[in-house]
Amino acid sequence: MDRRPRFAAAAIDIRPYPRVRPPRRARGFAWARRAPRVSAVPAANMQPASAPGAAAAISIRGAVKRYGEIVAVNGLNLEVPPGVCFGLLGPNGAGKSTTMRMLTAQTLADEGEISVLGYELPRESKQSRLEMGVVPQLDNLDQELTCRQILMVFARLYRVPRSERPAAIERALKVANLMPRADTIVKELSGGMRRRLLVGRGLIHRPSMVLLDEPTVGLDPQIRQELWTLIDGLRAEGVTVLMSTHYIEEAERLADTVAVMSAGRIIAQGTPAELVRAHAGEQVLEVYGAPERLEQVGELASEQGWISRRSGPAVAIMRAETLDGLAPEGVLRPANLEDAFVALTGEEIE
Ligand SMILES: Nc1ncnc2c1ncn2[C@@H]1O[C@H](COP(=O)(O)OP(=O)(O)OP(=O)(O)O)[C@@H](O)[C@H]1O
Ligand SMILES: [Mg+2]
């Protein structure tokens with residue numbers, strides 16, 4: 001079996017181009033990027049990992065997006081400081097992709113204010129798009145083009161100067177570990193290869209911020225690990241990462257801050273450890289037994305006002321450290337982010 005890493009992040013320079021501050025309306029190239037404009041972000045909303053006083057890379061206030069009767073985003077407030085990996089964690093239909101699309105102005109909010117890298121959306125979305133990389137959830141690659149052709153198109157779109165394009169394309173192919181398939185057309189690539197091409201494409205212009213919508217969905221565990229290494233490497237280089245996921249482990253491992261999204265809004269936010277402590281406590285008691293026994297335990301939990309959930313063949317009771325003598329017999333284990341997520345949303349997740 002081929003065990004070579006398919007994302008070769010460590011060996012490739014993925015650092016964003018140095019920031020310079022062009023004049024406000026300059027028609028500069030994408031890499032001649034400016035520092036985010038200082039906006040009126042309340043200090044209390046800033047995330048712990050940000051430098052004090054740093055302007056938000058992403059600021060969303062009161063965003064609403066309706067599709068007919070469906071309210072996909074329902075009064076969303078979100079502040080992402082620069083240089084962090086921020087995870088949006090939520091079940092199917094929570095509004096994660098809609099949020100991502102609002103940030104690229106592919107979807108326009110019905111209400112609210114959005115700014116990205118200091119640019120007001122949708123008015124300045126062209127400028128903000130040039131400075132960020134986007135990896136969409138759905139594969140929107142042109143089926144008939146080769147990997148190299150796709151990267152060439154994007155290098156031009158993102159205004160990489162002509163003389164730098166060959167090197168940028170080589171780098172993106174290396175990041176995606178698609179060098180041997182550079183001249184293969186998309187429809188002949190595997191699903192995992194397409195995903196990797198989307199990631200390479202999103203990084204072609206070495207953006208200072210990337211939006212990754214479910215970056216590892218459908219990837220095998222080894223490639224997922226490699227992509228995690230790449231994302232971690234981006235963050236270590238100071239790139240701001242906003243990532244949506246419904247893989248708990250992905251959020252837990254990568255994100256400095258996790259925002260739990262449900263029904264179109266953020267219902268809790270913090271470091272993974274803070275979320276666990278606040279919503280699942282320190283320990284969980286798992287009670288095993290026959291279905292009738294589990295039903296009794298579930299009833300006891302609701303009578304006592306304990307937060308509990310069915311977890312495979314067991315009932316899991318949160319905050320086990322606070323249970324009194326009524327606690328049934330079971331196995332204690334440390335609480336984790338999945339417990340917090342289920343306690344918050346009432347939904348099981350992968
Ligand atoms: N273009 C659209 N037209 C109509 N409804 C839409 C559209 N896009 C999203 N929705 C609806 O908005 C809601 C939120 O969808 P969204 O794709 O943002 O969720 P998500 O959190 O990304 O879910 P998933 O984890 O499945 O990707 C869903 O109810 C969805 O059906
Ligand atoms: Mg989605």
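Residues numbered from 1 in each chain as written. Chains lettered and ligands numbered in written order. Predicted model: local features only at pLDDT ≥ 70, side-chain atom pairs only at ≥ 80, totals over all residues.

**Details of the site of ligand 1**
The condition is simple: Near residues are defined by distance alone, with the backbone-placed C-beta atom required to lie within 6 Å of the molecule or strand. A run of DSSP states H or I qualifies as a helix once it reaches four residues; a run of E qualifies as a strand once it reaches two. Both are numbered from the N-terminal end. Ten residue types, Ala, Val, Leu, Ile, Met, Phe, Trp, Tyr, Cys and Pro, are classed as nonpolar, four, Asp, Glu, Lys and Arg, as charged, and the remainder, Gly among them, as polar.
Near ligand 1 lie 13 residues; those nearest to it are Y67, A72, K96, S97 and T98. Counting residues per element, the shell around ligand 1 draws most heavily on helix 1 (residues 96-103), which supplies three residues. When the residues that make up the shell around ligand 1 are grouped by side-chain class, the tally is four nonpolar, eight polar and one charged.

**Considerations on the sheet that holds strand 2 (residues 70-80)**
Test applied: A pair of strands is treated as paired once DSSP finds two or more bridges between them. For helices, the fitted axis covers only the stretch in contact; all axes are lines through C-alpha atoms, and the angles between them, taken along N-to-C directions, range from 0 to 180 degrees. What counts as a contact here is a pair of residues whose C-beta atoms, placed from the backbone, lie within 7 Å.
Strand order across the open sheet formed by four strands is 2-1-4-5, with antiparallel pairing between neighbours. Of all the strands in the sheet, the pair left with one neighbour each is strand 2 and strand 5 (119-121). Here the strands of the sheet are splayed against their neighbours by 25° on average, with no regard to which way each runs. Here strand 1 (residues 58-67) runs beside strand 4 (residues 111-116); their pairing, made up of five bridges, is antiparallel. Paired with S59 across the strands is S115, a residue of strand 4. Docked against the sheet, helix 1 engages strand 1, strand 2 and strand 4, running at close to 65° with respect to strand 2.

**Remarks on the sheet that holds strand 11 (residues 283-288)**
The strand order 12-13-11-14 describes an open sheet built from four strands, whose pairing is antiparallel. Only two strands of the sheet have a single neighbouring strand rather than two, namely strand 12 (308-311) and strand 14 (331-334). When strand polarity is set aside, the average angle formed by the axes of neighbouring strands in this sheet is 30°. Across four bridges, the pairing between strand 11 and strand 14 is antiparallel. Each bridged residue has a counterpart across the sheet, and for Q283 the counterpart in strand 14 is P334. Contacts from helix 9 (residues 291-304) reach strand 11, strand 12 and strand 13 (314-317), with the element oriented near 20° to strand 13.

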